[in-house]
Every structure is written in structure tokens, then in C-alpha cells.
Amino acid sequence: MRVTERNNRMKQSELMAAINAGGVFCIGTFVSGRCDTISVRDKASGQRREAHVVKEVIMTETEPAVVSRWLKDGEKAEDYKVQFKRGQKVVVRVKLSGMSGVTQLDGTLEELA
């Protein structure tokens, strides 16, 4: 599936079932998204290479949170298109979280239907 063709929707009942199964989620309102090209060190060769990271900002009830994820190899930053409209309710499947002035989440964003 290409990044621009995401049609993920999560219903309230699916969210509750996933939470009861032990999943970690964050619900918020979509604010903005962008894709940046950065230079990273390749673990295998030690050489520098370009990688693309998507950063999407959501607003929870109390504070903003940045949701980030890496694009797969071969996908380009120019191909990324924002999937959600400003103010749209979204849910994040959280894989990892941290704090550094703003809440940082690593996971995938889905529309909350």
C-alpha cells in the first residue's frame, strides 16, 4: 500500500476491543503533517544515507503530541500527502512514547469513525 492511499478508519467499538486486549492508543485532533528528508548512518555499511521521516502533530485534550514514523525504503518524501484534514478526529496506535518538551509518539495514525 502506498502512503498516499491510506484509508484506515477505526470505529469506536474496534478501539474499545483493542484497548481491552492491551493495546495502547492516543485519541486527538489532527493539526498538521509533513515529511522530512534526513541523513542517517546505515548500520550495515557505516555510510551516510538519506531517509524520510513523517511527522504529524495531533492535539490531545491536554497537550500537543508529535507522531513520527519512517517511510519505507524506496518511498520518496515528495510522494507524501497529508491524509487528514485539520480538526479531524484521529487515533494513534502507539508503539513507543517519550517526552522532550512535547509528547513524542511512534506509531500509526488512523481516522476515528
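Residues numbered from 1 in each chain as written. Predicted model: local features only at pLDDT ≥ 70, side-chain atom pairs only at ≥ 80, totals over all residues. Heavy atoms only, no water.

J.: For the overall build of the protein, give the residues involved together with the corresponding values.
T.: Within the protein, the regular secondary structure consists of one helix and six strands. Along its sequence from the N terminus, the protein presents helices and strands in the succession β-α-β-β-β-β-β. Residues counted as buried form 33% of the 113 residues belonging to the protein. A separation of at least 24 residues holds for 58% of the contacts in the protein among residues at least 6 apart in sequence. Within the structure as shown, the protein displays about 7,500 Å² of accessible surface, and the carbon and sulfur contribution to it stands at 49%. (Helix = DSSP H or I, 4+ residues; strand = E, 2+ residues; numbered from the N terminus. Buried < 20%, exposed > 50% of the residue type's maximum accessible area, 1.4 Å probe, protein only. Contact = heavy atoms within 4.5 Å. Areas by Shrake-Rupley, 256 points an atom, 1.4 Å probe, with all protein chains shown as cover.)

J.: Tell me about the confidence of the model for the protein, and name the residues and values.
T.: Low-pLDDT portions of the prediction should not be read for the details of their coordinates. Overall, the predicted model of the protein reaches an average pLDDT of 78, with 77% of residues at or above 70. Confidence over residues 1-7 falls short of pLDDT 50; this stretch has 16 contacts with residues more than four positions distant or in other chains. (pLDDT = per-residue confidence, 0-100.)

J.: Could you give an account of the pattern of salt bridges, naming the residues involved and the relevant values?
T.: As enumerated under the stated definition, the model contains two salt bridges in all. Arg-34 is the partner of Asp-36 in a salt bridge, and the nearest nitrogen-oxygen pair spans 3.0 Å. Exposure remark for Asp-36: the relative accessible area of 22% places this residue in the partly exposed category. Take Arg-34: its relative accessible area is 46%, and that puts it in the partly exposed class. Between Asp-42 and Arg-49 there is a salt bridge, with the nearest N and O atoms lying 3.6 Å from each other. (Salt bridge = Lys/Arg side-chain N within 4 Å of Asp/Glu carboxyl O.)

J.: Residues and numbers for the pairing of strand β3 (residues 48-59), please.
T.: Taken together, the 12 bridges between strand β2 (residues 25-41) and β3 define a ladder with antiparallel strand orientation. In the sheet register, Ser-32 faces β3, and the bridge partner there is Val-57. Looking at chain direction, β3 and strand β4 (residues 64-70) are connected through seven bridges and run antiparallel. For Glu-56, the partnering residue across the bridge sits in β4 and is Val-67. In this structure, the hairpin formed by β3 and β4 is closed by a connection of four residues. (Pairing = 2+ DSSP bridges.)

J.: Any details on the environment of Glu-50? Residues and values, ideally.
T.: Relative to the elements of secondary structure, Glu-50 occurs in strand β3. The class of Glu-50 is exposed, set by a relative accessible area of 59%. The spacing of Glu-50 and Ser-39 is 11 residues in sequence and 4.6 Å in space, taken between C-alpha atoms. For Glu-50, the contacting residues outside a window of four places in its chain are Thr-37 and Ile-38.

J.: I'd love a proper account of the nonpolar core, names of residues and values included.
T.: The biggest cluster of nonpolar side chains holds 11 residues, and these are Cys-26, Phe-30, Ile-58, Ala-65, Val-67, Phe-84, Val-90, Val-92, Val-94, Leu-105 and Leu-109. For this core, the secondary-structure elements that each account for two or more residues are β2, β4, β5 (89-99) and β6 (103-112). Per-element tally for this core: the top contributor is β5, with three residues. Residues in contact with Cys-26, not counting those within four places in the same chain, are Ile-58, Thr-60, Val-90, Val-91, Val-92, Val-94 and Leu-105. Of all hydrophobic cores here, the second largest spans five residues; its members include Cys-35, Val-54, Leu-71 and Tyr-80. (Core = buried A, V, L, I, M, F, W, Y, C linked by side-chain atoms within 4.5 Å.)

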